[in-house]
Structure formats: C-alpha cells, structure tokens
Amino acid sequence: DIAVLSRKGSQLVKDYREQKERIKAQKKEWELAGTKIGDILGIKQKEEDEPLKEGDDSHKKAQQFSGHMMGDKSEAVSSFATSKTIKEQRQFLPIYACRDELLGILRENSVMIIVGETGSGKTTQLTQYLLEDGYGDYGMIGCTQPRRVAAVSVAKRVSEERGCKLGDEVGYAIRFEDCTTKETIIKYMTDGILLRESLREPDLDGYSVVVMDEAHERSLNTDVLFGLLRDVVARRNDLKLIVTSATMDAEKFSMFFGNVPIYKIAGRTFPVDILFTKNPCEDYVEASVKQTIQIHLQPTPGDILIFMPGQEEIEVTCGAIGDRLEEVDGAPPLAILPIYSQLPSDLQAKIFQKAPDGVRKVIVATNIAETSLTVDGIIFVIDGGYCKLKVFNPRIGMDALQVFPISQANANQRSGRAGRTGPGQAWRMYTENCYRSELLATTVPEIQRTNLATVVLLLKSLGVSDLLSFHFMDPPPQDNILTSMYQLWVLGAFDNVGNLSVLGRQMVEFPMDPAMSKLVLVACEMGCSEEVLVIVSMLSVPAIFYRPKGREEESDAAREKFQVPESDHLSLLHVYQQWKNKGYSSTWCNTYFIHYKAMKKVREVHSQLLEIMEKQKLEVTSCGNKWDIVRKCICSAYFHQAARLKGIGEYVNARTGMPCHLHPTSALYGMGYSSDYVVYHELIMTSKEFMQCVTSVEAEWLAELGPMFYSIKESVHSIEEGKAKAAERRKQMEQELAEAEEALEAERERR
Ligand code: CDP
Ligand code: MG
C-alpha cells in the first residue's frame, strides 16, 4: 500500500512540476505573442513574424503589459480582479494597446470591422474609447448584443468602470425593460431593440456611433440590421459603424460593407490541449460530470467551464456533480454555478464573483459563455458537444428550440475559453473523427433556419416592398420568405398581393410575435383588452409556478386552485387578478408556489404594454366576467393552431391530423371537462408533442374566424376538402404574389 501511495504521490508531484515547467514556457511564448499587439490586417499587411521596429509605440506598450503577467501564475489568475484597480484592469486588456490606432482608423472610415478574441475588451472598452474621443457629444453610442443577458451584464460592468449609476451615463435596453435616461450616452441593447428603433427613426438620428457586437453569432436581427445599416451609413456621413466579431469571418463582413478596413486585435492566449474521447460517448452529460470530478480531484488549480445545450441539462449536470462529490471522502470544496438566459440576474452575476480562497469554481453554461460572456480564471473546458438552436420545424409549422451538434467553429471558441489566463485543457466529449467528419464548419445563420414572420412584417412596414431582393448578407431561402408571408396573410396582416393591411401596420407596433400582437388588437375591438393585456404579459414571462422537490403535491394543489376549467389562458388571468387583489403581495406568492420575481416582471411588461396602447390611442376596456369573449378573442388570433379531441387528453391538429397532447399541468387535463376543439399558444416537444397553454373554443368560431382552414360541416370528407381549399387559396396567393413580383421586376427594369 505504501509503495502504491508514494508512487501516486510522486506522480502528482511530477505532474505538478511538469505543469509548472509548461507554465514557465508558456509565459515566454506569451511574452513573444504580446509583441504582436497592434498588428493590423487589411490595412497594414504586416508579416506575422516580422519583428516590430524600434520606436514602434505598440511594441513598448506590449512589453509594459507583459510585465503584469510576469509574477506568480496564481497571482495573475486568481487575485487579478481583486488586486488591480479598475483602471489597471482596463489598461491590461489587449484592446488598450490598440486604442489610438483604432480611433484613428475610425476617423478616416465610416465603417470598420474589428476582430478580437473573446475577452480582449471589445464589448466593454470600445464604447468608452468612443466616449472619450468625443463621439458622445452629438449623439448616443449604441452597442448591440444578440443576447439579453450580455446586454445587461455588460452595461452593469461598464457603469461600474465609469463609476456611474446604471441607467445614467451608461444604460441598457432589452425588450420590456428600458434602463436608460435622458443622460444616457452609452447604450447597450439587444439587436432587436435597435431594429425596432429603426421603425421610428429610419436613419437612427439619435446615434453618432453604432457598435454591432458579436456579429459572428449571425443572429436573425443582426443580419437584418446589416442590410438596413448598410443604407443608413450611405445616407448619413456623420454616422460611424463598427462591426465586431470573435472569429475570422471578418472578410465577409468587410466585403458586405464595401471592402471596409478590418482591424485585428492580437490576442494573448495560451495554448490549450485539446482532448477528445476515444469512443463516442453515450451520454454527454454523464461523461461531462465524470470528467469534472476527475479534474477537480487532481491538484492543478483553475476553474472549470462546462458547456451544455440548455437549462435542463445544466440543472441535471449541476445536481449530478454535487451528488457525486458528496460520495467522495474529503473532496475539496467546489462552487457549482449555472448560467443560462432564464436564470435570475442576481444568480447570473455570481459567475463573475471570485470564489473564496481554495475553492474551485465550476461554471455550467449554455453557449452564452462561448463568446458573449467572459469569466476569468478558466483553465479547464468541458465541451458536451451540443447546443440548442431555434429552427423552423415544418412538422409543427413553427420555430422550436432543438438540440443539435455544435459546429467546428463553436468547438474552437469553446476550447479557446480555457486559454485566457494560463495554459489550459479542453475536454471534448466526442471523438476526433466526429469533430472532423460530422460537425459542420460553421453554424447555419439563424436567418436561414427560422420563421421570418416577425422580420418580414417589420421590413414591410419599413417600406421594403421587395423582400426577395432585400440586401441580405446570406439571403434566406425564398420558400421561407413565402411561407412567412403566407402566415401573415392568414393572420390578416397582408392583403392578397402581399401589401401590409391596416391590421398589419398596427401589429408592428407591438414588440411581440404577430399572433400575440393580433390578439391584443382584436381584444380592443371585442372590448376585452384589459383581460388580454394581462394574459399576454403573463405569457411573455416564463415559469410563473414553481414545484419544489419533495413538495410536488402541495404545489400542484396550489396551482389547481387557480385553474379555470376551460382555459389555461384564463387561468393565468385568474392568478394575476388574485395577486392584484392581494395588493401584489410577495407573501401571497410564496403561499401559492408562485415566483414573486416573475410576477413583478409580468407587472412591468403589463405597464409597458399599457404605454404602447396609450401611444397608439387604443382603448383598454374590460369585459367584466364575460370571459367567453376572451376565449373567442384568443381563437381569432390562434385559429391556425387548433386541435380536435380524439380521446382523453388526446387531440389531433385540426389541419394536419398530427397527434398532440394536453400537458398534465393544463387546466383542461383530467378535469372531466373535455372540449371538442382547442387552440394552443405553442407546441413543445419533449417525450411527446405537448400543447402549451390551451383554451377550448367552439367549432363555429373556428369556421367564422379561420375560413381559409375550416368550414362548419366538419366531417372526414371536409377535412380533406378544407386542406384542398387551403392549398388552393395558398396557390392563388402565391400566384398573385408572383404577379406582383413580376410587376415590380418590370418596374425596376423600366427604371
Ligand atoms: O468583448 P470581449 O469579449 O472582447 O471582452 P469584454 O467582454 O469587453 O471583456 C473584457 C474584460 O472585462 C474581461 O476580462 C472580462 O472578464 C471583464 N468583464 C467583467 O469582469 N464583468 C463583465 N460583466 C463583463 C466583462
Ligand atoms: Mg464581447
């Protein structure tokens, strides 16, 4: 036993020494890499290895920075954030050495592309440099993010760096949450917000600079903004546009804006060992958990970052790591921290906090930690190999979040997270062969895989009459555009030649998907807008009820108290009304297993919607207790998502015959109340296709409100007939569209 132990012991010491040697070697290499700071691609074509000339400023700066890292590694890694002042931290970032050069280029060009590794300081520093350079004097400095979480956390960080209150000089805006004031100069926002702002101000007059951050993500809204901003920059010569990317797709961006300069911020990364599994692993969660425990039980310090596709997998992983660790005697402490977009923001902030001395952190994240958020001190990355993507699912006729293998580009970004503060390791839970032959090189841009209804509606109202020839960097498949136009026509937003109807024009004003906007507008006509606004607000906040472990029955019983047997929508309304009657109390929420924070958010959304109603001069009226009107109203916006009863809890889609099920948490489930027809808010696919948020409707309503799909003599025959009719109408519309297109084409040629 003694022999074995000592061999183990010496092995650990050996590993430790080797590790130290490696770090030393890396530091040297890093020092060398540091001298490359300031190197510009596309403007000054410098040879990769060409030594910098004497007197070159960036060289001096680089040396100065390397100095910071020459101390002990542990100091550089773990106490860096606490031991340096904010000013020192800012000056330490790779982007700092390029500050003046960057500003110089921007003075000469109205558009530029900036490429830099994640963590080089693009998001937090650029806006501040622009402010310091005077761009804030005649307009706002806007910075767009594809993710809400990133917009909020970055704005917080920058306001701290500037020593101001969040919302004053530095603020943020995300959907239903505007944290800016008249004083705000640096404004972080989601790309969706800027897109909507362009509705009011097509030339974005309020801004002197727009930074389109994280462009490599290629989010749907960013892609649309690209097309719009390209024209805005051409019209306004006082507007500057900066596009940033963490990857090498910069050439493409540059070409798109007319061959604009690309500036590359030289990164300071350490090498990362990439380790694949030998055999394909059956369960990537299990494999990741095992790997985490293994890493944690060895003495090398450094935090761990695990990539998982979504909230559920993250929760499972966090739980499993905790359980496994309990089984190990004398295991060192480990702080297990989840991060995903729906996590409450105070918990999100935890990942940035330093763990107590001697405690290792393990962060379990979605691909939000790939490029949008940077956590210092990560040495180990565990890559599960999957992510969640929104894709249009033709089976259910709408977008669904589905788990997909990541792309090679994702994999490399993930691995890169391990090499920011020291040499790292990336453990990939898939084989090398899988990486090479099965993963796509890059992810398909969102615009090419999702439903475009919201975007099409927006572009139409911006006066883009000819959608098929809008300047997209990567155009969506024509079929997708046509399908979206068809859906908008079904909802009444378009007339038969694809022009925006009055209803369509009003729908654009609400920052929601077209069906929800229509719900609100129809409610105004039917005199139940007060009720519907509450329902819509409740629907925009996920998870109102919670179901704690060990108290499942109790919480289910509480939920049932609020259920209105014929409708989940009305049940939501009921909850809100009760809460309002109790003075919006938090104790009331706790009693009934209702998330107080979620309800507060609902209230905020509700008041924002009221503001829009007021601006649009739409009346808020109540139908009192005549809730049947509300059901009919819901039917008029969701008739395209109707289902017919087949058995207990079993339905089939009224148009396609595809089976779909009531969710066990639905008010209609097992209440002895069965409705022949229902409409649903959305379909989620887990073990089965479940309808989420269901309301029973009358057959006559479907026929009255959705005549293109349903007629009243419903029989086996007429389903087929209905389908044929719908196909015919669709064909007719497409033909009319094609004719309109041709006319446009002829018009263009004539011009
Ligand atoms: O945008 P980019 O990835 O180039 O870097 P960044 O987000 O500006 O991050 C620069 C530095 O700020 C990193 O070292 C982050 O760790 C730090 N940061 C932070 O401490 N807290 C935040 N909420 C955001 C960034
Ligand atoms: Mg960034």
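Values in this document were obtained by computation on a predicted structure and should not be read as measured data. (Residues numbered from 1 in each chain as written. Chains lettered and ligands numbered in written order. Predicted model: local features only at pLDDT ≥ 70, side-chain atom pairs only at ≥ 80, totals over all residues.)

Here we come to the overall build of the chain. For the chain, the count of helices and strands is 29 helices and 21 strands. Counting only residues that meet the buried cut, the chain has 41% of its 751 residues in that class. Taking all contacts inside the chain whose residues are at least 6 apart in sequence as the whole, residues at least 24 apart take part in 72%. (Helix = DSSP H or I, 4+ residues; strand = E, 2+ residues; numbered from the N terminus. Buried ≥ 20, exposed ≤ 12 C-beta atoms within 10 Å, placed from the backbone. Contact = placed C-beta atoms within 7 Å.)

The next subject is the site of ligand 1. The full set close to ligand 1 counts 16 residues, and Thr118, Lys122, Thr123, Thr124 and Arg157 are the nearest of them. Mapped by element, the contributors of at least two residues to the shell around ligand 1 are helix H7 (122–132) and helix H8 (148–161). A class-by-class count of the residues in the shell around ligand 1 yields three nonpolar, ten polar and three charged. (Near = placed C-beta within 6 Å. Nonpolar A, V, L, I, M, F, W, Y, C, P; charged D, E, K, R; others polar.)

At their nearest, the axes of helix H9 (residues 191–200) and helix H10 (residues 220–235) sit 9 Å apart, and the two run at 40° to each other. It follows from the interaxial angle that H9 and H10 lie oblique. In the crossing of H9 with H10, the sense of the turn from one axis to the other is left-handed. Residues Asp191, Gly192, Leu194, Leu195 and Ser198 of H9 touch H10, and the partners they reach there are Asn221, Thr222, Val224, Leu225 and Leu228. Of the residues that constitute the contact of H9 with H10, the class distribution is five nonpolar, four polar and one charged. (Axes fitted to C-alpha atoms, helices over the stretch in contact; angles between N-to-C directions. Parallel < 35°, antiparallel > 145°, perpendicular 65-115°, else oblique. Left-handed = near helix turned anticlockwise from the far one by under 90°.)

Take the sheet that holds strand S3 (residues 170–174) next. Taken together, the eight strands give an open sheet; going across it, the order is S4-S3-S5-S2-S6-S7-S1-S8, and neighbouring strands pair in mixed fashion. The sheet is open, and its two borders are formed by strand S4 (177–179) and strand S8 (262–265), each paired with just one other strand. Between one strand axis and the next, the sheet turns by 20° as a mean value, whatever way the strands run. Across the sheet, H9 is in contact with strand S2 (140–145), S3 and strand S5 (186–190); its angle to S5 comes to roughly 100°. (Pairing = 2+ DSSP bridges.)

For the rest of this paragraph, the subject is the sheet that holds strand S18 (residues 650–653). Read around the closed barrel, five strands run S17-S18-S19-S21-S20, paired in mixed fashion. The mean angle between the axes of side-by-side strands here comes to 50°, regardless of whether they run parallel or antiparallel. Pairing between strand S17 (residues 642–647) and strand S20 (residues 677–685): three bridges, direction antiparallel. Bridged to Arg644 within S20 is Tyr677.

Moving on, we get to the pairing of S3. For S3, a buried count of five out of five residues is recorded, marking the element as mostly surrounded by other parts of the structure. Burial along S3 is two-sided: the residues Val170, Tyr172 and Ile174 and Gly171 and Ala173 are all buried. Taken together, the four bridges between S3 and S5 define a ladder with parallel strand orientation. The residue of S5 that forms the bridge with Ala173 is Met189. Direction of pairing for S3 relative to S4: antiparallel, over a ladder of three bridges. Residue pairing for S4: Tyr172 is matched across the bridge by Cys179. In textbook terms, the turn of a hairpin is the stretch between consecutive antiparallel strands, and for S3 and S4 this stretch comprises two residues, one of which, Phe176, has a positive phi near 65°.

Okay, the packing of helix H22 (residues 529–539) against helix H24 (residues 568–581) next. At a minimum axis separation of 9 Å, H22 and H24 run at an interaxial angle of 95°. Between H22 and H24, the angle is such that the two are roughly perpendicular. Every residue of H24 that contacts H22 at Glu531, Val534, Ile535 and Met538 is listed here: His569, Leu572, Leu573 and Tyr576. Among the residues forming the contact of H22 with H24, the class breakdown is six nonpolar, one polar and one charged.

A separate point is unusual backbone geometry. Here the phi dihedral of Leu204 falls at roughly 50°; this positive angle occurs in a residue that is not glycine. Residue placement: Leu204 occurs in the loop between H9 and strand S6 (207–212).

Turning our attention to helix H13 (residues 311–327). With 17 residues, H13 should reach 24 Å at 1.5 Å per residue; the first-to-last C-alpha distance of 25 Å fits that figure. Within the sequence span of H13, burial applies to Glu313, Ile314, Thr317 and Ile321. In an axial view of H13, the angular spread of the buried residues amounts to 100°, which keeps them on one side of the axis. In H13, the exposed positions that point more than 90 degrees away from the buried face belong to Gly322, Asp323, Glu326 and Glu327. Packing partners of the buried residues in H13 comprise helix H12 (284–296), strand S10 (303–307), strand S11 (334–339) and strand S12 (360–365). (Expected span 1.5 Å × (residues − 1). Arc of directions from axis to C-beta.)

Further remarks concern the nonpolar core. The nonpolar side chains of a soluble globular protein tend to be buried with one another. Formed by 182 residues in total, the largest nonpolar core has its most connected members in Ile363, Val456, Leu519, Val532 and Val678. With sequence-adjacent residues up to four places away left out, Val456 is seen in contact with Leu467, Ile481, Ser484, Met485 and Leu488. (Core = buried A, V, L, I, M, F, W, Y, C linked by C-beta atoms within 7 Å.)

With that settled, the discussion passes to the pairing of S6. A regular strand places its side chains on the two faces of the sheet in alternate fashion. For S6, a buried count of six out of six residues is recorded, marking the element as mostly surrounded by other parts of the structure. Pairing analysis gives five bridges linking S2 to S6, with the strands arranged parallel. Pairing of Thr144 across the sheet is with Met212, part of S6. Pairing of S6 with strand S7 (residues 240–245), which is carried by four bridges, proceeds in the parallel orientation. Paired with Val210 across the two strands is Leu241, which belongs to S7. Crossover handedness for the path S6 to H10 to S7: right-handed. (Right-handed = clockwise from strand over helix to strand, strands pointing away.)

Looking at the chain as a whole, its pLDDT mean stands at 83, while 86% of the residues score no less than 70. Averaged over each element, pLDDT in the chain is lowest for helix H2 (residues 57–69) (27) and highest for S6 (98). Low confidence marks residues 1–17, where pLDDT is under 50. Its contacts with residues over four positions away, or in another chain, come to two contacts. The low-confidence segment residues 27–82, where pLDDT is below 50, has 61 contacts with residues more than four positions distant or belonging to other chains. (pLDDT = per-residue confidence, 0-100.)

On to the environment of Glu160. Along the chain, Glu160 falls in helix H8. Put simply, Glu160 and Gln425 are 265 residues apart on the chain and 32 Å apart in space, counted from C-alpha to C-alpha.

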